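# Coordinate analysis (summary)
Each chain, letter by letter, is given below.
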Amino acid sequence: MSCKPIKRDVSQPTASNSSGTSRHPLPNGERRPADAEMARVLKTAPLSMAADPTSGAIAHWKHGALHDVVEPMADHVIMTYPTGVQRLERRNGKSIAIGTARSGVVTIIPAGTSARWDIPGQVDVVQLYLPHRTIERVAREADTTAPRELLERTGHPDPITSRLLISASDAIHGSAVLDALFRHQLNDLLATRILAAHSGSTAILQPTLGGLAPTTLRRAIERLHSDVDTDVSLAALASDAGLSRFHFCRAFKESTGLSPHAWLRQHRLEQAMTMLRDTDDSIVSIAAALGYSSQTAFAAAFRKLTGETPSDWRRRMR
């Protein structure tokens, strides 16, 4: 999963509708990619973004007042608000939905829908662009039925989805391998949550009994043990095991007590400790060897797990 900020030209000519909003009409019912439509209406670029064609994209935005029509998008957009409080108003025909952007709530724009939005001031928002095919895959893997569309939500209380979205956003910077695996798992978990809580139907997710077969578990651990250039995506791990991503995650945790991401994070921590204790390699070179984007990202991850900086831990162990 690559981290790629997007920048769009927001100075293109626009057409006006009867509400006085600026629009870029789409021909013949075409649906614009969610990142492009968000850049158009928000008139800025995201602070950060990570995208994966197999499961969707996550973006963190801070934008000003919005008074515009959001055109139909190709993907579902699920959003939450890490900080601040702001009024939200969505008009769709004669229907008006009013909500508040604040911590612990979510807003959902189903794919293919259009509405006018009026937001009077600054907003801090994390957005997930979720392809409907991801919903369909997760529903299929969980032995349930995918909805044809999701429910519209405007500032709807859902602290579980909100926390998951913020966690996915937090994992945009750091170790590319760890963060990508974490987002793969989180995106699937988010799709499962959306399916259960925001689809208009009750999704009954069948439990998976038992863990991985010993040989299958050994292959998965060998892949996770491999160097940072090896594909340790959730898709690759599940494919090796001959399981869906949904069932692989459950079976792996049943066998090890940890999710694939948590297992890999623990393994990388052990590698870091060994290198800090047994070598004179600089911390920046250790960070690079373990796949972290910077010494700062490595130090933050190390301190989160141990309570110490790498330098302090090295001094204490020598």
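Structure report, in brief. (Residues numbered from 1 in each chain as written. Predicted model: local features only at pLDDT ≥ 70, side-chain atom pairs only at ≥ 80, totals over all residues. Heavy atoms only, no water.)

## Focus on the packing of aromatic side chains
Using the criterion set out here, one finds four aromatic pairs in the structure. Relative to Phe302, the ring of Phe298 lies with its centre 5.9 Å away and its plane at 55 degrees, an arrangement referred to as tilted. Of this pair, Phe298 and Phe302 both sit in helix α10 (residues 295-306), four residues apart, roughly one helical turn. With a relative accessible area of 2%, Phe302 lands in the buried category. (Phe/Tyr/Trp six-rings, centres within 6.5 Å; stacked < 30°, edge-to-face > 60°. Helix = DSSP H or I, 4+ residues; strand = E, 2+ residues; numbered from the N terminus. Buried < 20%, exposed > 50% of the residue type's maximum accessible area, 1.4 Å probe, protein only.)

## Brief notes about the nonpolar core
If you look at the biggest cluster of nonpolar residues, it comprises 26 residues, and the most contacted ones within it are Met38, Trp61, Met73, Val77, Tyr81, Trp117 and Tyr129. Residue assignment for this core shows that the elements contributing at least two residues are α1 (34-42), β4 (48-52), β5 (56-63), β6 (66-70), β7 (76-80), β10 (105-109), β11 (115-119) and β12 (123-130). Residue contributions to this core peak at five residues, all from α1. Excluding anything up to four places from it in sequence, Val77 contacts Ala34, Thr107, Ile108, Ile109, Gln127, Leu128 and Tyr129. The next biggest cluster of nonpolar side chains, apart from the first, holds 20 residues, and it includes Ile135, Leu165, Ile172 and Leu195. (Core = buried A, V, L, I, M, F, W, Y, C linked by side-chain atoms within 4.5 Å. Contact = heavy atoms within 4.5 Å.)

## Remarks on the pairing of strand β9 (residues 95-101)
Relative to β9, strand β8 (residues 86-92) runs antiparallel, the two sharing seven bridges. Its bridge partner lying in β9, Arg90 is registered against Ala97. Here β8 hands over to β9 after two residues, with Gly93 in that stretch at a positive phi of 65 degrees. (Pairing = 2+ DSSP bridges.)

## Observations regarding the packing of helix α8 (residues 260-278) against helix α11 (residues 310-317)
At a minimum axis separation of 9 Å, α8 and α11 run at an interaxial angle of 55 degrees. By the criterion of interaxial angle, the relationship of α8 to α11 is oblique. For the pair α8 and α11, the crossing hand works out as right-handed. Contacts between α8 and α11 involve Met273, Met275, Leu276 and Arg277 from the former and Pro310, Trp313 and Arg314 from the latter. Split into classes, the residues belonging to the contact of α8 with α11 amount to five nonpolar, no polar and two charged. (Axes fitted to C-alpha atoms, helices over the stretch in contact; angles between N-to-C directions. Parallel < 35°, antiparallel > 145°, perpendicular 65-115°, else oblique. Left-handed = near helix turned anticlockwise from the far one by under 90°. Nonpolar A, V, L, I, M, F, W, Y, C, P; charged D, E, K, R; others polar.)

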